[in-house]
Structures are given as structure tokens and as C-alpha cells.
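Geometric and topological summary
Each chain, letter by letter, is given below.
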Amino acid sequence: MEPFTELSAPPALQDDTLRIVPLGGLGEVGRNMTVFEIDGRLLIVDCGVLFPEDDQPGVDLILPDFSYIEDRLDDVIAIVLTHGHEDHIGAVPYLLKLKPDIPLVGSSFTLALTEAKLQEHRITPLTLTVTEGDIEEFGPFECEFVAVNHSIPDSLALFIRTKPGNVLHTGDFKMDQLPLDNRLTDLRSFARFGDEGVDLFMVDSTNAEVPGFTTHEREIGPVIDSVFADAPGKIVVASFASHVHRIQQVLNAAAHHGRKVAFVGRSMVRNMGIAEKMGFLEVPAGVVVDVKKLQDLPDDKTVLVATGSQGEPMAALARMANHSHQISVGVGDTILFASSMIPGNETSISRVINGLTRLGAKVIHQGIARVHVSGHAPAGELLYCYNIVGPENAMPIHGEVRHLVANANLAISTGVPRENVMLGESGVVVDVKDGKAEVVGQVPCGLVFVDGSSIGEITESELKDRMILAQEGFVSAFAVIEAKTREIVAGPTVSAKGVAEGDDVFTALEPKVAEALEKVLADGVTDEHQLSQAMRRVLGQFASKRLHRRPMIIPSVVVK
């Protein structure tokens, strides 16, 4: 296990060697995607998105960096999807736009969610439905699919057999012994793979810092029921649009207390419809109604199930909090956050909770009541898995740096040699041959931003400019110069936007800006760029020294 450092480009792939390249999901919670390669053939596991943070204004989604494989899409045999969460399937449409005929492999529910997403992009995919126990061959990769328990139905782990070595990829998983759907993580198969030989164990790290074992999903139902019993007005439940088990508990509580339920948000309506149709969600008769019908019911008979549990600004819950949604909340209403807090979203979620509380609503969340359990294995369960599998090498995946390090230490504590633990961020390259795994380099793996219809065109520099505009404001300056006489014939005019001091302070600077221009002109300079920089220096020095600010300054000079 080496510290996180920049690595050089990997060497050419040797014969009979398995190369593994995570293009996302390491050092971050999201955009999970891993490429496996043998003898020029590629197998991709998962293809998800990452959601933007506060320092990425205007960004809708963040994709894995496809540049490593963009020129080799003909070599991709299949994309295997472990489950239907956005951070594992959300980027599939963007990859299939580059090559639509790459087969998708996954469970029935996972593929149903993915196909619904692809339909919005007008892509009809080639699919192969698999279930636990199935074994499929994809070129040099033999894949056996294994049932795992997670916060979405029909999740699968993946055992990849290859000539150079065997890899067990857990996907996202936990070991709930009393799941609502009675579908346990198949530890017998994990042990069987251990007996066969696991050369590399790729393990979910999200909860590696959390001690102990997962709370049973069945313990959440009575808590939700008690929330419903105590609620005098309407109830708004915020949840992931894919958390079928939690929505099932909400529906059961609503039926018990004589309330009607409406789904709010396109993804919530779509996913719950798919789950009901496929038998993963049992809807009590007459409980679910269209949101428009709730207007005819008293508040104490209504429940809304909405998106926005992570504080997303455009989601239904955030819009309710700032009075921009058709549904209003206030005194007597109860807001139930039936989801965990994804690392990085704490500020956004707190902002929404505060907004709802300010309106008089009672907000119940995981911090004050057991209304949600995570879908990821904590430390006790990870230790159990390491001991069952007994891998030769381990590679923590899916988590921020601190999660990966915690997971690596768990592996070492169970007897995996420290030098056999592969630790790295997205783009790290690991080669496996003859039971030995080794970090051999790193490939470029930047963030690819989706901004409206733009994909990959927004850069880190432009995001920095947006942050400056948001935090420091904007100052513009304009002047017109007569080239022959080297005289200022218009301006300079200075204007400020988003700066607390306003236009007046900067307008008073116009004589000093004119003086700076005249000094440069006196030296015989009529180059527009040099004249613009003279204006920038005056405005920048004033803003920095006098106002202690660094606004964006856009000077413009026209020489005619």
C-alpha cells in the first residue's frame, strides 16, 4: 500500500496479463466505472455519474473520462451493470452515444431502469438479462453473477475468471440479515470463490470508517409508522428515486393510517412505476393517487414522496423550501428525510432542512431518528468478507480517499500483506498476472462536465470564473482610442455588478483609468491588449488594496 502520489503512464500491456483501470469511483462517491482488459479486449463494469458540488455552479452532471477508451470502443465486449443507482448507470447514455451497439448486461430491474433512461436519449440498447448464479462468457472474461443486498433491488456482485487471475468485484453491497425482500448477500458463493482463489478483491469502501454491522431494514418500518401516527398535517417523504424498499415501508405506513400517497418528480414516478410493474414494489389498493387529487383531500390524509433528499437545488423538496413549488409546506406538516447523507452534500441538505424548518414544518432525519439505514457494508461486515474470501490482493473501490484508506487498513488487519493492497484514485492502473497484482501507472482521468447540452466543453478554469463571478462580482471597463492622434475619444466607462460597493466607487476611478491609458499612449502604444491591461491594473489594484476583493475584471479597448 503506497500513499496517493502522481504516477507515470503505464507500460504497454504484456501478454496474458489482466489490466484494470478505474475511470471513476476512486477518491469520490460517484461516477463508478472500471475497465478490464486482456489481449486487446475490454470489459466495462458500471458507468455512472457524479453529482456536482457547490464549487461547480451550473454543472448538471459529471461523467467518467472516456478518453482512455474513446478510440477503442470496437474492442469493448460488454458493459456489465451491478445495480441501478445513478452513480453506476447514469453515464451509460453518454457512452452509448459514442457506440450504441455495445451490449448491456445486468439484472432485470437494473436494465429496466437503464432502458428507461436511454429511451429519453432515443437509444435502443442491446441487452442481456442475467440473474444470480448465471455464468456468461465475454471473450476472455468468464463472469459469474452473485446476489448481494443493497438499498436497491436486484443488485449483483461479479466474479470475473480470466487466465491471468480471478477478480471478485462486490459492486455496492451490505450484509443485512433480515432484508425486506429476503434476498441475502450470497456469502456462500463468496466463500466458494475464496476456495477457488481470488487474486484481486475489489471492495465497496463507502462505510469502511463506520464500525459494527448494518441495522436491519425491518427495524425502520416501525419508526416510519410512528412518524405517521404523530403527524397532524401533510407528510412529505424525501428519498432516492430508486429506494424501492424505503418507499414500500412508506406505502405500508400510509395504508395503515388511511393516507393517500402521490409521487412527485419525474424520476420518482418513472422508477416506482417500473418497480411495481416488475413486482419489486407492492402497492396497497387505492393508496397511490395522482398528485393533483391530493388537493381535494385534507392535509392529514396526504403523503407526498419526492426527490431532493440530497439538497439538489432544482429538486422538488428544495423548491418547497424556498416557495418555488406548487406544493406548499408549513406549520403542522412533517418532512421525513428517508435517506442517508452522501458525503459532500452536507451543506446543501442543511440549507434545505433550515428552509423547511423556517416555514414551520417538523423535519425528521437520520440524525435524530432511525428512519434510514445505509446500503453499504460497515467495517464489521467488510472484515467478515475479507476473512471469508481470503484474497491474495485487495483493491478498495467506491469511496473518498479516507474511505479507501480505512478499507485498506481493514484488509491488512485480516492478513492481506500491506504490499498487496492496491490503493489509488481514479485513473490508477493495476496489472494482475500469476496471482500477483501491481500498480503500474496512471492514465489521465479528468472530470467531464455536462452543462445543459454541452458535454466536456466546460473546463475547470471556466468553473473558477463562475465562482469568482458568484463570490466577488464583475467589473467592466470600456474606452475608445483614436489611433492617429492617440487620444481617448470615448470613456473610459467603468461599471460594476455583484460588488457590494456598487458603481459609484468604481465610477470615481475613471479619471485614474484615463490617466493610465494616456501614459501608455504617450509611449506610442496603440495595441488594444496592452491598453486593456493598463485599465485592468488600475482597477485590480484598487479592488485588492482598498476593497480587499478580487472581482472578475473585463477591460475592453477599441482602437479606430
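All of these numbers come straight from a predicted model, not from anything done at the bench.

This part is about the state of the cysteines. Here the structure, examined in full by the defined rule, presents 0 disulfides. Not engaged in a disulfide, the cysteine Cys47 finds its nearest cysteine sulfur in Cys445; these two sulfurs lie 12 Å apart.

Mapped onto this structure's residue numbering, the UniProt feature "binding site: substrate" (unreviewed entry) falls at Ala241, Ser242, His243, His372, Val373, Ser374, Gly375 and His376. Among all residues touching Ser242, those that are not within four sequence positions of it are His85, Ser151, Ile152, Pro153, Asn271 and Met272. Within the secondary structure, Val373 sits in the loop between strand E17 (362-364) and helix H10 (379-389). Setting aside anything within four residues of it in sequence, one finds Val373 in contact with Lys174, Thr215, Glu217, Ile220 and Arg246.

A separate point is the sheet that holds strand E25 (residues 552-559). In any sheet, the strands associate via hydrogen bonds between backbone groups, in a parallel or an antiparallel arrangement. Overall, mixed pairing links the 3 strands, which are arranged E24-E23-E25 in an open sheet. Either end of the sheet is taken by a strand with one partner, and the two such strands are strand E24 (487-497) and E25. Averaged over all adjacent pairs, the angle separating strand axes in this sheet is 10°, with direction ignored. Two elements, strand E23 (residues 474-482) and E25, share 8 bridges in a ladder whose sense is parallel. Its bridge partner being in E25, Ile481 is matched across the sheet by Val559. Of the strands in this sheet, E23 and E24 are in contact with helix H14 (residues 510-522), which crosses E24 at around 140°. Contacting E23, E24 and E25, helix H15 (residues 528-545) runs over the sheet at an angle of about 145° to E25.

So, on to the nonpolar core. Counting 67 residues, the largest nonpolar core has Leu95, Val303 and Val305 as the members making the most contacts within it. Looking at which domains feed residues into this core, each of domain 1 (18-212 + 374-451) and domain 2 (217-364) gives three or more. The residues touching Val305, leaving out its near neighbours within four places in the chain, are Val237, Ile247, Val250, Val261, Ala262, Phe263, Val264 and Met268. Of all hydrophobic cores here, the second largest spans 58 residues; its members include Ile20, Val130, Met175 and Ala377.

The phi dihedral of Asp16 is positive, around 55°, even though this residue is not glycine. Structurally, the position occupied by Asp16 is in the segment before strand E1 (18-24). Judged by relative accessible area, Asp16 falls into the partly exposed class, the value being 34%. The phi dihedral of Asp39 is positive, around 50°, even though this residue is not glycine. The residue Asp39 is located in the loop between strand E2 (33-38) and strand E3 (41-45) in this model.

Glancing now at the packing of helix H3 (residues 108-120) against helix H7 (residues 266-277). Where H3 meets H7, the axes come as close as 10 Å, and the angle between the chain directions of the two elements is 140°. With respect to each other, H3 and H7 are oriented oblique. Along this stretch, H3 crosses H7, giving a crossing that reads as right-handed. For the pair H3 and H7, contact is made by Phe109, Ala112, Leu113, Ala116, Lys117 and Glu120 and by Arg266, Arg270, Asn271, Ile274 and Ala275, respectively. Each residue belonging to the contact of H3 with H7 can be placed in one class, and the counts come to 6 nonpolar, 1 polar and 4 charged.

What counts as what
- Residues numbered from 1 in each chain as written.
- Predicted model: local features only at pLDDT ≥ 70, side-chain atom pairs only at ≥ 80, totals over all residues.
- Heavy atoms only, no water.
- Disulfide = S-S within 2.5 Å.
- UniProt positions renumbered as here; feature names shortened; annotations may be inferred.
- Contact = heavy atoms within 4.5 Å.
- Helix = DSSP H or I, 4+ residues; strand = E, 2+ residues; numbered from the N terminus.
- Pairing = 2+ DSSP bridges.
- Axes fitted to C-alpha atoms, helices over the stretch in contact; angles between N-to-C directions.
- Core = buried A, V, L, I, M, F, W, Y, C linked by side-chain atoms within 4.5 Å.
- Buried < 20%, exposed > 50% of the residue type's maximum accessible area, 1.4 Å probe, protein only.
- Domains from an automatic or database assignment.
- Parallel < 35°, antiparallel > 145°, perpendicular 65-115°, else oblique.
- Left-handed = near helix turned anticlockwise from the far one by under 90°.
- Nonpolar A, V, L, I, M, F, W, Y, C, P; charged D, E, K, R; others polar.

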